[in-house]
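Notes for the structure review
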Amino acid sequence: MLEIKGLTIRYGNFLAVNNVSLSIPKGQIIALIGPNGAGKSSVVRAIGGLNVFQSGQISFLNEDLVQTEPYLRIDKGLSIVPEGRGLFPRMSVEENLLMGSYSLKDKGLLDELLNRNFELFPILKERRQQLAGTMSGGQQQMVAVAVGLMSNPKLCIFDEPSLGLAPIVIEQIGDALMSLKKQELTVFLVEQNASLTTRVADQIYVLSAGEIKYHDTPANLLNSKEVLETFLSI
Ligand SMILES: Nc1ncnc2c1ncn2[C@@H]1O[C@H](COP(=O)(O)OP(=O)(O)O)[C@@H](O)[C@H]1O
Ligand SMILES: [Mg+2]
């Protein structure tokens with residue numbers, strides 16, 4: 001569904017992402033894991049069109065994504081939930097969700113998408129009138145995930161959804177991702193959290209200092225002492 005080939009990103013002289021290639025097949029949860037500063041968000045921003053990159057190709061649904069203006073990528077079925085959530089704190093949960101649906105062509109889908117999100121996170125239904133900024137970190141992350149789904153995407157990218165959350169909430173986010181996979185959404189999960197990614201992902205790419213060091217299934221990565229010691233303990 002999404003293919004990245006030879007992506008290289010520099011900030012001035014600093015090489016943040018070096019020749020990264022990865023493939024996100026339809027219907028899978030693909031994880032990109034790496035420590036702080038590894039270059040994960042740079043890759044995400046490049047997919048969103050928010051980073052200029054020096055070389056490489058990104059294709060989505062077999063089309064060169066660079067040809068599509070960043071603000072139109074959502075129309076193609078690409079949704080990104082950014083690091084830090086990007087909510088409107090002084091708007092209600094429901095208003096935030098509606099903001100997520102602004103690009104939706106078929107407004108007839110609106111109720112169905114809202115209901116799907118309320119099934120995924122029942123607490124959001126209870127709290128639909130609450131201002132997003134007054135909710136707990138975990139609930140805000142649920143709102144952010146839900147906002148990302150309101151455009152009815154084919155691929156949804158989550159940049160560090162577990163950041164700062166308690167283990168029990170991270171587990172709920174993981175459950176939600178697995179139930180999205182059952183609904184045939186393709187997920188790109190960008191994370192530092194090894195237990196979340198190894199639990200939910202079909203394949204994991206390990207990014208370190210801008211380079212892909214390993215690419216394998218969670219089971220194989222967890223069997224490798226070297227990987228465990230070096231990367232998955234982050
Ligand atoms: N706009 C920028 N200008 C300069 N350096 C940046 C910029 N954005 C990120 N970096 C640097 O690039 C590296 C990768 O950052 P980032 O992609 O945010 O990593 P991650 O998301 O894995 O923490 C870091 O060293 C960071 O300081
Ligand atoms: Mg980041």
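Residues numbered from 1 in each chain as written. Chains lettered and ligands numbered in written order. Predicted model: local features only at pLDDT ≥ 70, side-chain atom pairs only at ≥ 80, totals over all residues. Heavy atoms only, no water.

Observations regarding the coordination of the magnesium ion (ligand 2)
Protein-derived coordination of the magnesium ion (ligand 2) comes from Ser-41 (OG) and Glu-83 (OE), at a distance range of 2.0 to 2.1 Å. With Ser-41 in helix H1 (residues 40-48) and Glu-83 in the loop between strand S6 (78-81) and helix H2 (93-100), the pair connects residues that are 42 residues apart, well separated along the chain. Judged by relative accessible area, Glu-83 falls into the partly exposed class, the value being 38%. (Donors = N, O, S within 2.8 Å, 3.2 Å for Na, K, Ca; no water. Helix = DSSP H or I, 4+ residues; strand = E, 2+ residues; numbered from the N terminus. Buried < 20%, exposed > 50% of the residue type's maximum accessible area, 1.4 Å probe, protein only.)

Examining the pairing of strand S2 (residues 14-24)
Pairing analysis gives 7 bridges linking strand S1 (residues 2-11) to S2, with the strands arranged antiparallel. Following the sheet pairing, Tyr-11 is matched in S2 by Phe-14. Linking S1 back to S2 in an antiparallel pair, the connection comprises 2 residues, with Gly-12 at a positive phi of about 60°. (Pairing = 2+ DSSP bridges.)

Quick look at the site of ligand 1
Around ligand 1 sit Tyr-11, Phe-14, Ala-16, Pro-35, Asn-36, Gly-37, Ala-38, Gly-39, Lys-40, Ser-41, Ser-42 and Arg-45, and that is every residue in its neighbourhood. Between ligand 1 and Lys-40, the relevant distance is 2.8 Å, taken from an oxygen atom to a side-chain nitrogen or oxygen of the residue. Interatomic distance of 2.8 Å between a backbone N/O atom of Ser-41 and an oxygen atom of ligand 1. Relative to its free-state accessible area of 560 Å², ligand 1 is covered by the protein chains to the extent of 62%. The set of elements that each furnish at least two residues to the shell around ligand 1 consists of S2 and H1. Take the shell around ligand 1: its biggest share by element is 4 residues, from H1. When the residues that make up the shell around ligand 1 are grouped by side-chain class, the tally is 5 nonpolar, 5 polar and 2 charged. (Near = heavy atom within 4 Å. Polar contact = N/O pair within 3.5 Å; in protein donor to acceptor, adjacent residues only side chain to side chain. Areas by Shrake-Rupley, 256 points an atom, 1.4 Å probe, with all protein chains shown as cover. Nonpolar A, V, L, I, M, F, W, Y, C, P; charged D, E, K, R; others polar.)

Regarding the sheet that holds strand S10 (residues 211-216)
Pairing within the open sheet is mixed, and its 6 strands lie in the order S6-S7-S8-S3-S9-S10. Both edges of this open sheet fall to S6 and S10, since each of them pairs with a single strand only. With direction set aside, neighbouring strand axes in the sheet form an average angle of 15°. Examined bridge by bridge, strand S7 (residues 155-159) and strand S8 (residues 186-191) share 5 bridges and lie parallel to one another. Within S8, the position partnered with Phe-158 by the bridge is Leu-189. Against the sheet, helix H5 (residues 137-149) engages S6 and S7, with an angle of about 165° to S6. (Axes fitted to C-alpha atoms, helices over the stretch in contact; angles between N-to-C directions. Contact = heavy atoms within 4.5 Å.)

As for the packing of H5 against helix H6 (residues 167-182)
Two elements in contact, H5 and H6, have axes whose closest approach is 10 Å; the angle formed by their N-to-C orientations is 15°. Relative to H6, H5 is oriented roughly parallel. As H5 packs across H6, the resulting crossing turns out to be right-handed. Within the contact between the two elements, H5 uses Gly-138, Gln-141, Met-142 and Leu-149 and H6 uses Val-169, Gln-172, Ile-173 and Leu-180. Grouping the amino acids of the contact of H5 with H6 by side-chain chemistry returns 5 nonpolar, 3 polar and no charged. (Parallel < 35°, antiparallel > 145°, perpendicular 65-115°, else oblique. Left-handed = near helix turned anticlockwise from the far one by under 90°.)

Some words on the sheet that holds S2
One open sheet accounts for 4 strands, arranged S2-S1-S4-S5; its pairing is antiparallel. Pairing within the sheet leaves two strands with one partner each, and these edge strands are S2 and strand S5 (63-64). Note that strand S4 (residues 55-60) and S5 share 2 bridges and pair antiparallel. The partner of Ser-59 across the bridge, within S5, is Asp-64. Along the sheet, H1 contacts S1, S2 and S4; its crossing angle with S1, the most-contacted strand, is approximately 115°.

Details of the side chain of Glu-191
Structurally, Glu-191 is set in strand S8. For the buried Glu-191, no salt bridge exists, and the shortest N-O distance to an oppositely charged side chain is 8.0 Å, to Lys-40. Setting aside its immediate chain neighbours within four residues, Glu-191 contacts Leu-32, Ile-33, Gly-34, Lys-40, Glu-160, Pro-161, Ser-162, Leu-196 and Thr-197. (Lys, Arg positive; Asp, Glu negative; His and termini not counted. Salt bridge = Lys/Arg side-chain N within 4 Å of Asp/Glu carboxyl O.)

Functional significance is not addressed by these values, which are geometric in nature.
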